[in-house]
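Listed below, chain by chain, are the residues.
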Amino acid sequence: MTSTSASSRDSVVAALRAAGCVFAEDEAQLLLAAARTPDELTAMVDRRACGAPLELVVGWAEFRGLRIAVEPGVFVPRRRTEFLVEQALAHAPEASVVVDLCCGSGAVGAALADALAGAELHAADIDPAAVRCAGRNIAPFGGHVRAGDLYEALPERLRGRVDILAANVPYVPSDEVAFLPAEAREHEPLVALDGGSDGLDVLRRVAAEASKWLAPGGCLLVETSERQAPTAVDAFARGGLTSRVVVSEEWYANVVIGVRS
């Protein structure tokens, strides 16, 4: 490393530290690698120092070993959601038809398709920005993404054929959105965060119709909070699914899995 590049790195680290970034050294390395010019680096550091999520600044997020493209206005995939992907693969390791509902960037669908060579992948989201972004991420796997409200976006030919239905639904109660970290609250779409009065409005809608789309033995997987999990299990049961909750202490993740008998 030359003295000039070392000086540049030190100045970036200092600016990030001053802005309160806990992992300033790691973030500086990513920003330096992403910036093509000194002016672009300055602009990126300024955006990050003003609170923009690092993933939106550099244009990608790591998810289960993949580099997932993200852009402003799109929900940034959380690393804890890798647990949902792991559970889906454990339940249906030979899945041939996969649907990523409420797909956001398409990270979950891309990760599943990456692990399930040759699987037929479909994704859907109500947000046009998410659909555009997901298209970039699932195209390498031959995936198809459509805009629409939940199942309305899916082709009818998928009814009764889906082996894995992953739905990373919004589950923050409406009156708790204001308490989310500023990175999420100010830079991610409200539709991807706000789950209604108790956070489970979208989950209930997904659970109610899932059995019509799942193949026999197919599974629906939804991430939720520990507090919401019992209510989510009830919603799955009303939708005719046999369900259970799996928990990762490492990722602080709770996933409800429902199976069509």
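Just above, that's the structure.
Trainee: Could you give me a rundown of the packing of helix H5 (residues 82–91) against helix H6 (residues 107–115), with the residues and numbers involved?
Mentor: When two helices pack together, their arrangement is given by the angle between the helix axes and by the axis-to-axis distance. H6 packs onto H5 with a crossing angle of 40 degrees between their chain directions and a minimal axis gap of 10 Å. In terms of axis orientation, H5 runs oblique to H6. Every pair of crossing elements has a handedness; the one defined by H5 and H6 is right-handed. When H5 is examined against H6, the residues Leu 84, Val 85, Ala 88 and Leu 89 are found in contact with a partner set consisting of Val 108, Ala 111, Leu 112 and Ala 115.

Trainee: Describe in detail the pairing of strand E7 (residues 214–224), supporting the description with residues and values.
Mentor: Across the 11 residues of E7, nine count as buried, placing the element largely inside the fold. Alignment of strand E6 (residues 162–167) against E7, held across four bridges, turns out to be parallel. What sits directly across from Ile 164, in E7, is Cys 219. Summarising the sheet, E7 and strand E9 (residues 253–259) pair through six bridges and their orientation is antiparallel. By the bridge assignment for E9, Leu 221 is matched with Ile 257.

Thresholds, definitions, all that
- Residues numbered from 1 in each chain as written.
- Predicted model: local features only at pLDDT ≥ 70, side-chain atom pairs only at ≥ 80, totals over all residues.
- Heavy atoms only, no water.
- Axes fitted to C-alpha atoms, helices over the stretch in contact; angles between N-to-C directions.
- Helix = DSSP H or I, 4+ residues; strand = E, 2+ residues; numbered from the N terminus.
- Parallel < 35°, antiparallel > 145°, perpendicular 65-115°, else oblique.
- Left-handed = near helix turned anticlockwise from the far one by under 90°.
- Contact = heavy atoms within 4.5 Å.
- Buried < 20%, exposed > 50% of the residue type's maximum accessible area, 1.4 Å probe, protein only.
- Pairing = 2+ DSSP bridges.

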